[in-house]
Structure formats: structure tokens, C-alpha cells
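Understanding the architecture of this molecule
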Amino acid sequence: PDHAVVSSAVRTRQTWEAVVEVAGFTDVEVSFDDAVFTGSAEVALEVLQAVPEDARSVMFVGHNPTAAFLCHYLDDGEGDPAAVSAMLRGFPPGAVALLELSVRWSELGSETGRVTDFYVGQG
């Protein structure tokens, strides 16, 4: 990713650090945001709408039910059927949803993206 929005909670910071170590991310602009930890899904959406416009790929490391809500809210229903079906069966801790967006970050809203993949970690 070019940019990461990470909840300020200890657990999400630890998750981010583990991802950086394993994936070798070196040039990612990261914002640790209290609003993602304490705010509603609407607040998390506002945080994502404020991502720098030049960011092409953004990673969101947050909490449920907010993360699941955002994925369902942003999905336009035209994504990968298997990924959407898997996501509808549950969004457990460690799950990763990939979405493609059709708008600029500042225009992010209902049905402005599509789910293209969904992974659940196998501990």
C-alpha cells in the first residue's frame, strides 16, 4: 500500500507491525488514528475520505463490526461472487477484504467500490 490507516489500539498496532515485518513494507505512509479505535463506522469512513488523493492503494487495520460494515457498505455488488459469499459468512479477526474503488478517496461512499477478494487467516 501507499498509505495505511491503523487504529490506535495496541492490538492493531501490533498487527500492523507484524504485517510490515512479514511483507517488508518500507515506504508506506501510516496514520495511527484514535477515531478508528473509538469512532463509529461513519467516523472511520470520514478518516478514509481524508486519505491523500495521490494514494493508490490503502490498507485499513481496524475493528469489527466497523471493518465488516465498511466492506458491505462500499461494495456495489459487482465484485467477485466467491469473495462476497465468503465475506457474508462472517468477518473474523484477521480477515482481509480487497476492494477496488471507482471514485477518489474524498468521494468514498455507499456502493463506490467492489469486493475483489476475501481471505481468512488459517492460524
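Up top you'll find the structure we're talking about.
Residues numbered from 1 in each chain as written. Predicted model: local features only at pLDDT ≥ 70, side-chain atom pairs only at ≥ 80, totals over all residues. Heavy atoms only, no water.

Let's talk about a nonpolar patch on the surface
Residues Val 96, Leu 98 and Tyr 119 make up a contiguous nonpolar surface patch of roughly 260 Å² in combined accessible area. Turning to its location among the elements, Leu 98 is positioned in strand S4 (residues 96–101). (Patch = residues over 30% accessible without salt bridge, like charges linked within 9 Å, V, L, I, M, F, W, Y side chains within 5 Å. Areas by Shrake-Rupley, 256 points an atom, 1.4 Å probe, with all protein chains shown as cover. Salt bridge = Lys/Arg side-chain N within 4 Å of Asp/Glu carboxyl O. Helix = DSSP H or I, 4+ residues; strand = E, 2+ residues; numbered from the N terminus.)

Looking at the pattern of salt bridges
Taken as a whole, this structure holds two salt bridges when the rule is applied. A salt bridge links Glu 53 to Arg 104; the nearest nitrogen and oxygen atoms lie 3.5 Å apart. Here Glu 53, found in the loop between helix H3 (41–49) and strand S3 (58–61), pairs with Arg 104, found in the loop between S4 and strand S5 (113–119); they are 51 residues apart in sequence, far enough to count as distant. For Glu 53, a relative accessible area of 35% gives the class partly exposed. Here Asp 76 makes a salt bridge to Arg 114, at a shortest N to O gap of 2.6 Å. Residue Asp 76 is located in the loop between helix H4 (66–74) and helix H5 (81–88), and its partner Arg 114 is located in strand S5; the two are separated by 38 residues in the primary sequence. (Buried < 20%, exposed > 50% of the residue type's maximum accessible area, 1.4 Å probe, protein only.)

Re the pairing of strand S1 (residues 3–7)
By the criterion of burial, S1 is predominantly enclosed, with five of the five residues buried. Residues His 3, Val 5 and Ser 7 of S1 are buried on one face, and the alternating residues Ala 4 and Val 6, pointing to the opposite face, are buried as well. The pairing of S1 with strand S2 (residues 29–33) spans five bridges and is classified as parallel. Looking at S2, one finds that Ser 7 is bridged to Asp 33. Note on the crossover from S1 through helix H1 (residues 10–23) to S2: the handedness is right-handed. Taken together, the four bridges between S1 and S3 define a ladder with parallel strand orientation. Counterpart to Val 6 in the pairing with S3 is Val 61. (Pairing = 2+ DSSP bridges. Right-handed = clockwise from strand over helix to strand, strands pointing away.)

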